[in-house]
Amino acid sequence: MSPLMPRIGRLGLLLTALTLLSACGGGGDDTTVLPTSISPSDTDASDAARLELKYLLDLSNDTLPGVLAGQNTGHGDQILNSSGTVGYAPLLDTLATETGERPAVVGLDYEYDRIFTPEQLANANQALIAHWQAGGLVTINWSPNNPWWNDESDLENDYGGGDLTRTEKGDMSLVDLADLVDDSSDVYTVWRRKLDRIATALQELQEAGVVVLWRPMQEMNGNWFWWGISTQSSTSGCQAYKRLWRDMFGYFTQQKGLHNLLWVYSPNRDPLTSAESDGIASVSWCYPGADYVDVVAGTVYDDSLAIDDYQSYLQFGKPLGMGEYGPDLEGAATLAGSFDTRLYASVLADYPAIAYWVSWHDWYNEDGTRVHQALVSNQNVTELLQDSAVLTQSEVDMSAATLE
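The rules behind these values
Residues numbered from 1 in each chain as written. Predicted model: local features only at pLDDT ≥ 70, side-chain atom pairs only at ≥ 80, totals over all residues. Heavy atoms only, no water. Helix = DSSP H or I, 4+ residues; strand = E, 2+ residues; numbered from the N terminus. Buried < 20%, exposed > 50% of the residue type's maximum accessible area, 1.4 Å probe, protein only. Contact = heavy atoms within 4.5 Å. Areas by Shrake-Rupley, 256 points an atom, 1.4 Å probe, with all protein chains shown as cover. Lys, Arg positive; Asp, Glu negative; His and termini not counted. Charge placed at Lys NZ, Arg CZ, Asp CG, Glu CD. Core = buried A, V, L, I, M, F, W, Y, C linked by side-chain atoms within 4.5 Å. Pairing = 2+ DSSP bridges. Right-handed = clockwise from strand over helix to strand, strands pointing away. Expected span 1.5 Å × (residues − 1). Salt bridge = Lys/Arg side-chain N within 4 Å of Asp/Glu carboxyl O. Patch = residues over 30% accessible without salt bridge, like charges linked within 9 Å, V, L, I, M, F, W, Y side chains within 5 Å.

Undergrad: Sorry, what's going on with the overall build of the chain here?
TA: Scanning the chain for helices and strands turns up ten helices and twelve strands. Once the C-alpha set of the chain is aligned to its principal axes, its extents read approximately 55 × 50 × 45 Å. Out of the 404 residues in the chain, the part that is buried amounts to 59%. For the chain, the share of sequence-separated contacts (at least 6 apart) that also reach a separation of at least 24 residues comes to 76%. Accessible surface computed for the chain: about 15200 Å², of which carbon and sulfur atoms make up 47%. Counting 21 positive and 56 negative side-chain charges, the chain places the averaged centre of each group 4 Å from the other.

Structure (structure tokens):
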């Protein structure tokens, strides 16, 4: 089947399969600690979101075989770029031309590089909707600019940038995550303005029937983002982040009526040495709680692709993914674009509960060197996407969720 072939009667298939799932329950042998059935954290989640969650769980339990390949495409309306290091066309369409396949999961960050206007996000959504309607899945990351450093009052002239997500790029003395959920604070209004802008974009996807793997404010157990360990003591706990997550969850689901989201908790890896303990906490440190999370998807950049925290991820009892997954960011293979992508298939065979992974896009360092993370810019990608264990856009079939 062509990767661009539309899914005929998709809603009918979703509803039929969901009815069968409700009647028959979950299925398959549980070869891990994961459950065989699961309910969304949002009790009013759409039928499509419920079915996608069950599909991911069946993949995690190996009730369904394979792992979904994914590719991030940049930030905001960069997904519309026709060439370069980011964009749907250079990263996924080129793969289709070269290999006959597109990755199953398309990823996009709604911010980071700049604060995108509602119009820019609406334009970006058209590419996400097209990928969904062609049979693929959608994951959206949100790396918000620091609301203390940019209040979004003039996006035409002051639209921020990636530096505004980082802790070393400004005065962090005023940053207090508790203020973001305190309606008596000035920054509360700024934060709600940000949430409203993002909710509008997510609402557009909901109206188009798109389910979103929603991955906000990732790597919270590290010290490089303003929402991470630098503003909370690793010894006293991560209560402020948890409250922030739960507040966003309630605001989006209850007040904004967003029921197309599957909430993805995405920590960085555990510290590898005691010297890292001040800058990286454990993967469970900021876990908001089972009632507020649907999927756990960590971050690993290592030439071996080893997932050292795999057993820790299993303990959450949720479907698993890898939100960012690729070779060492500073390694020789990354700089040369010589990473053997076939390793994704062979290594993930040792981690059967991983339902999907997302390879990041490329970018240029300040010294002009290029970081090659995209599948298309590395080696043997045809063999990878044609591997029977790797699921591409044309092979996504949520109606095949295993039944008892």
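Undergrad: How do you make sense of the nonpolar core when you look at a structure like this?
TA: In summary, soluble globular proteins display a tendency toward joint burial of nonpolar side chains. Within the largest apolar cluster, 116 residues are counted, with the highest numbers of intra-cluster contacts made by Leu-68, Tyr-110, Trp-214, Phe-252, Tyr-356 and Trp-357. In terms of residues, this core owes the most to one element, helix α5 (residues 186-207), which gives nine residues. Other than its neighbours up to four places away in sequence, Phe-252 contacts Leu-195, Ile-198, Ala-199, Leu-202, Trp-214, Gly-257, Leu-258, Leu-261 and Trp-263.

Undergrad: How should I be thinking about the pairing of strand β3 (residues 105-109) in this particular structure?
TA: Successive residues of a regular strand alternate their side chains across the two faces of the sheet. β3 sits mainly inside the fold: five of its five residues count as buried. Of the two faces of β3, the one lined by Val-105, Gly-107 and Asp-109 and the one lined by Val-106 and Leu-108 are each fully buried. In terms of strand pairing, strand β2 (residues 70-75) meets β3 through four bridges, oriented parallel. Its bridge partner being in β3, Gly-70 is matched across the sheet by Val-105. This β-α-β element, β2 to helix α3 (residues 88-99) to β3, shows right-handed connectivity.

Undergrad: What is the right way to look at α5 in this model?
TA: Residues spaced three or four apart along an α-helix face the same direction, because each turn holds 3.6 residues. Here α5 spans 32 Å end to end across 22 residues, near enough to the 32 Å set by a 1.5 Å rise per residue. A positive backbone phi angle near 85 degrees is found at Gly-209, which sits one or two residues after α5.

Undergrad: Can you help me understand the pattern of salt bridges in this one?
TA: Side-chain pairs of opposite charge can arise whenever the charged atoms involved come near each other. Under the defined criterion, the tally for this structure stands at twelve salt bridges. The partner of Arg-197 in a salt bridge is Glu-111, with the nearest N and O atoms 2.8 Å apart. Within this pair, whereas Arg-197 is found in helix α5, its partner Glu-111 is found in the loop between β3 and α4 (118-133), the two being separated by 86 residues in sequence. Like Arg-197, the residue Glu-111 is buried in the burial classification. Close ionic contact of Asp-247 with Arg-192 constitutes a salt bridge, the shortest N to O distance being 2.9 Å. Note that Asp-247 is positioned in helix α6 (residues 239-255) and Arg-192 in helix α5, a separation of 55 residues in sequence. Residue Arg-192 is classed as buried on the basis of its relative accessible area, which comes to 11%. Linked by salt bridges that have partners in common, Glu-111, Glu-152, Lys-194 and Arg-197 make up one network.

Undergrad: I'm lost on the environment of Leu-343 in this one. Help?
TA: Among the secondary structure elements, Leu-343 is positioned in helix α9 (residues 342-348). C-alpha of Leu-343 to C-alpha of Leu-244: the two residues are 99 residues apart in sequence and 37 Å apart in space. Not counting the four nearest positions on each side in its chain, Leu-343 is found in contact with Asp-303, Leu-305 and Leu-348.

Undergrad: How should α6 be read in this particular structure?
TA: Between its first and last C-alpha, α6 extends 23 Å over 17 residues, near the 24 Å set by a 1.5 Å rise per residue. Turning to α6, its buried residues number three or more, namely Ala-240, Tyr-241, Lys-242, Leu-244, Trp-245, Met-248, Phe-249, Gly-250, Tyr-251, Phe-252 and Thr-253. Backbone geometry just downstream of α6 places Gly-257 in the positive-phi region, at approximately 65 degrees.

Undergrad: How should I be thinking about the pairing of strand β5 (residues 212-216) in this particular structure?
TA: Among the five residues in β5, five count as buried, and that is most of the element. Neither face of β5 is left uncovered, since the one carrying Val-212, Trp-214 and Pro-216 and the one carrying Leu-213 and Arg-215 both have all their residues buried. In this sheet, strand β6 (residues 261-265) lies alongside β5 in parallel orientation, the contact comprising three bridges. Looking at the pairing, Leu-213 lines up with Leu-262 of β6.

Undergrad: When you look at a negative patch on the surface in this model, what are you seeing that I'm missing?
TA: A cluster of acidic residues, Asp-302, Asp-303, Asp-308, Asp-328 and Glu-330, forms a negative patch at the surface. In this fold, Asp-308 is placed in the loop between β7 (295-301) and α7 (310-314).

Undergrad: Explanation requested: the environment of Asn-123 in the structure shown.
TA: Looking at the element boundaries, Asn-123 is found in helix α4. Taking the C-alpha atoms as reference points, Asn-123 and Ala-48, 75 residues apart in sequence, are found 23 Å from one another.

Undergrad: What am I meant to see in unusual backbone geometry here?
TA: Excluding glycine, a negative phi dihedral is what most residues carry, and trans is how most peptide bonds are arranged. With a phi angle near 60 degrees, Tyr-112 is a residue other than glycine that sits in the positive phi range. The topology assignment puts Tyr-112 in the loop between β3 and α4. The backbone of Glu-219 shows a phi angle near 55 degrees, a positive value even though the residue is not glycine. Tracing the sequence through the fold places Glu-219 in the loop between β5 and α6.

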